[in-house]
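# Per-entry structural report
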Amino acid sequence: AQSVTQPDIHITVSEGASLELRCNYSYGATPYLFWYVQSPGQGLQLLLKYFSGDTLVQGIKGFEAEFKRSQSSFNLRKPSVHWSDAAEYFCAVGAYNTNAGKSTFGDGTTLTVKP
Amino acid sequence: EPEVTQTPSHQVTQMGQEVILRCVPISNHLYFYWYRQILGQKVEFLVSFYNNEISEKSEIFDDQFSVERPDGSNFTLKIRSTKLEDSAMYFCASRPSPSQPQHFGDGTRLSIL
């Protein structure tokens, strides 16, 4: 069964500081990994995705994530956080190349940005 | 950029009533999904749908739930005899092929009174 763990429920960073959100996954085959961002009452916006190739992937809004197979991790990073980055962040693992292809989400990490 | 469209954005229903949540996936997409997010919790998979049949469903998706693609553009989730615990945000998603990621709609907030 596939699963995702986001160890940090809530993170607070100062504006301009760097950010790293942790994600660990469990999946029996090659995972399809995603990071989504959700503002209160809003939908899910895809930040970036990884299936294969370069283990460092670039996304929108200046975010990047690094896939580390040996650690079963897919941590999200941003070098300098902006106040508008305050939101809920979800890591997800999905099945690649199957007709079902559901995604399994982590519990999320709430990011607060201090001025 | 094409979007997945969900209507209504907010639905209020009396307990025990039936509700239909509607989704218009992106036009060239073939794989469709419903997820739910109870307030303050994570997003949970409900069902996937391809080629006019359910591909996979979770344990949440019991006989109370059904999905349908009644025409070439809509994808609906029906919840019969709603319960208080059905109150949640329901997200529709679609993707064009198994090798592409899902695109999510903005969700329908369902409130059961």
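Here the structure is a predicted model, which is why all the values come from computation and not from measurement.

## Topic: the overall build of chain B
- Counting secondary structure elements, chain B contains 0 helices and 11 strands.
- The secondary structure elements of chain B, listed N-terminal to C-terminal, are β-β-β-β-β-β-β-β-β-β-β.
- Its C-alpha atoms give chain B a radius of gyration of 13 Å, within 12% of the compact-globule value 13 Å for 113 residues.
- Viewed in the frame of its principal axes, chain B has a C-alpha envelope of about 40 × 30 × 25 Å.

## Regarding the pattern of salt bridges
All names here are of chain A.
- Considering all chains together, one arrives at 7 salt bridges over all chains under this definition.
- The salt bridge partner of D8 is R22, with a shortest N-O separation of 2.9 Å. Of this pair, D8 sits in the loop between β1 (3-5) and β2 (10-14) while R22 sits in the loop between β3 (19-21) and β4 (24-26), placing them 14 residues apart in sequence.
- R77 serves as the salt-bridge partner of E66, at 3.2 Å between the closest nitrogen and oxygen. With E66 in strand β8 (residues 64-68) and R77 in strand β9 (residues 73-78), this residue pair connects regions lying 11 residues apart in the sequence.
- Since its relative accessible area comes to 24%, R77 is described here as partly exposed.

## So, unusual backbone geometry
Residue and element names in this part refer to chain B.
- Cis geometry marks the peptide bond from T7 to P8, where omega comes out at -10°.
- Phi at N52 takes a positive value of approximately 65°, unusual for a residue other than glycine.
- For N52, the position within the fold is in the loop between β5 (43-50) and β6 (53-57).

## Quick look at the interface of chain A and chain B
- Between chain A and chain B, the residue contacts involve 23 residues of the former and 24 residues of the latter.
- Across the chain A/chain B interface, buried area totals approximately 1800 Å², and carbon plus sulfur atoms make up 54% of it.
- There are 5 residue pairs in polar contact (both at pLDDT 80 or more) connecting chain A and chain B.
- When residues of the side of chain A that touches chain B are traced back to their parent elements, those giving at least two are β5 (32-38), β6 (45-50) and β11 (103-105) of chain A.
- Among the residues making up the side of chain A that touches chain B, the classes are represented as 10 nonpolar, 10 polar and 3 charged.

Conventions adopted
Residues numbered from 1 in each chain as written. Chains lettered and ligands numbered in written order. Predicted model: local features only at pLDDT ≥ 70, side-chain atom pairs only at ≥ 80, totals over all residues. Heavy atoms only, no water. Helix = DSSP H or I, 4+ residues; strand = E, 2+ residues; numbered from the N terminus. Rg over C-alpha atoms; globule rule 2.2 N^0.38 Å. Salt bridge = Lys/Arg side-chain N within 4 Å of Asp/Glu carboxyl O. Buried < 20%, exposed > 50% of the residue type's maximum accessible area, 1.4 Å probe, protein only. Contact = heavy atoms within 4.5 Å. Buried area = accessible area lost by both parts, 1.4 Å probe. Polar contact = N/O pair within 3.5 Å; in protein donor to acceptor, adjacent residues only side chain to side chain. Nonpolar A, V, L, I, M, F, W, Y, C, P; charged D, E, K, R; others polar.

Functional significance is not addressed by these values, which are geometric in nature.
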